[in-house]
Amino acid sequence: MNLKAIAPKKSLGQNFLIDKNISRKIVSLLEINNDDKIFEIGPGTGALTSIILENNCNLTAIEIDERAVIDLKSKFSENEFPNFTLINQNFKDYNFEKSSEKPLKIIGNIPYYLSSEIIFKLLEADINIKCAVLTIQKELAERLVANANSKDYGILTLAMNMKANCKIEFNISPQCFYPVPNVWSSVIKISFFEKAKQIENYKEIMKIIRLAFNQRRKMISNTLKINFNKINYNEVDENDKAKIISLINKRPEQLIINDFVFLYNIFSNFSKIK
Ligand code: SAM
């Protein structure tokens, strides 16, 4: 690993994984099959890349740091690795190509500063993703798998619940990275539901969830007041009325994703979601 060629930049969240066993353990979670399409975010010095390329698969990797790109290109030449494509770009600006081919498998030891944004981008991407194996800060991982009524439960958890299952696979000590970060990491596996089983109207439902959680100590009768006020109760059937009554005085952390879907369906009968 050419750590000397690339002095780690804090601003890019560069903590390079230096434990080969852990790299293998992470890549094995992808369960790579022949001809799989893999997409790596932030390959850096190639800790995961080199192991992925031991398989017969197609790998595209996106890296913002030109120094790392030059280094990776010299290690994994086009001649020797014709199925490897390296893109020198900010992942934030990257547009996934829509394709009806095999679903993508995504992997990355992703920079802490960008982890939430990357996860939201994957959840919102209008493409076919099978799974994502990501190394992220342990605290963030705990938010992704949190149960209702806990302090970690929130916008990220509910966004995840709409599209996928998320599991914490194992934790990684700071000593496995160079430079040593001051937090523990977790490796998570996000297994996306088939398209037909994902909850529709993600963006609209997220608007409601964000409104409610922006003031998470308040009851939703207060934070979603504009939407509740528009309901014409003469047009709501008795079961739905009872459900509204059971939810209206709760705080958002007491609601599960199906409750928010229910509220969306009721609200959208009476007005555009505000
Ligand atoms: N995968 C390598 C490893 O495991 O050692 C590097 C991991 S390091 C935590 C994160 C990597 O993401 C760095 O190589 C960094 O340059 C890259 N990176 C940071 N911000 C990025 C962005 N916006 N788009 C693409 N890559 C980025």
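Remember, it's a predicted structure, so these values are computed and weren't measured experimentally.

Caption draft 1: Spotlight on the site of the ligand. In the vicinity of the ligand, 22 residues are found, and the nearest of them are L17, E63, N90, N109 and Y113. G42 is positioned such that a nitrogen or oxygen atom in its backbone is 2.8 Å from a nitrogen atom of the ligand. Between the ligand and F91, the relevant distance is 2.9 Å, taken from a nitrogen atom to a main-chain nitrogen or oxygen of the residue. Protein coverage of the free-state accessible area of the ligand, which is 590 Å², stands at 98%. Assessed atom by atom at 2 Å from the grid points, the ligand resides in the largest cavity. Of all the secondary structure elements, the ones that give two or more residues to the shell around the ligand are β1 (16-17) and β3 (58-63). Tallied by class, residues from the shell around the ligand come to eleven nonpolar, eight polar and three charged.

Caption draft 2: Structural view of the domain arrangement of the protein. For the protein, the domain assignment lists domain 1 (10-197) and domain 2 (202-268). At the junction of the two partners, domain 1 supplies 15 residues and domain 2 supplies 14 residues. Surface buried jointly by domain 1 and domain 2 totals about 1,200 Å² across both partners, of which 71% is contributed by carbon and sulfur atoms. When residues of domain 1 are sorted by the area they lose upon contact with domain 2, I155, L158 and M162 head the list and together hold 45% of the total. Counting every contact that joins domain 1 to domain 2 gives zero salt bridges. Across the domain 1-domain 2 interface, the total number found is four residue pairs in polar contact (both at pLDDT 80 or more). Of all the elements in the fold, those that place two or more residues in the side of domain 1 that touches domain 2 are α4 (115-124) and α6 (155-163). Considering each element in turn, the side of domain 1 that touches domain 2 owes the most residues, six residues, to α6.

Cut-offs and rules
Residues numbered from 1 in each chain as written. Predicted model: local features only at pLDDT ≥ 70, side-chain atom pairs only at ≥ 80, totals over all residues. Heavy atoms only, no water. Near = heavy atom within 4 Å. Polar contact = N/O pair within 3.5 Å; in protein donor to acceptor, adjacent residues only side chain to side chain. Areas by Shrake-Rupley, 256 points an atom, 1.4 Å probe, with all protein chains shown as cover. 1 Å grid on protein atoms, 1.4 Å probe; cavity = no way out; pocket = protein on both sides within 12 Å on 5 of 7 lines; lining within 4 Å. Sits in = over half its atoms within 2 Å of the grid points. Helix = DSSP H or I, 4+ residues; strand = E, 2+ residues; numbered from the N terminus. Nonpolar A, V, L, I, M, F, W, Y, C, P; charged D, E, K, R; others polar. Domains from an automatic or database assignment. Contact = heavy atoms within 4.5 Å. Buried area = accessible area lost by both parts, 1.4 Å probe. Salt bridge = Lys/Arg side-chain N within 4 Å of Asp/Glu carboxyl O.

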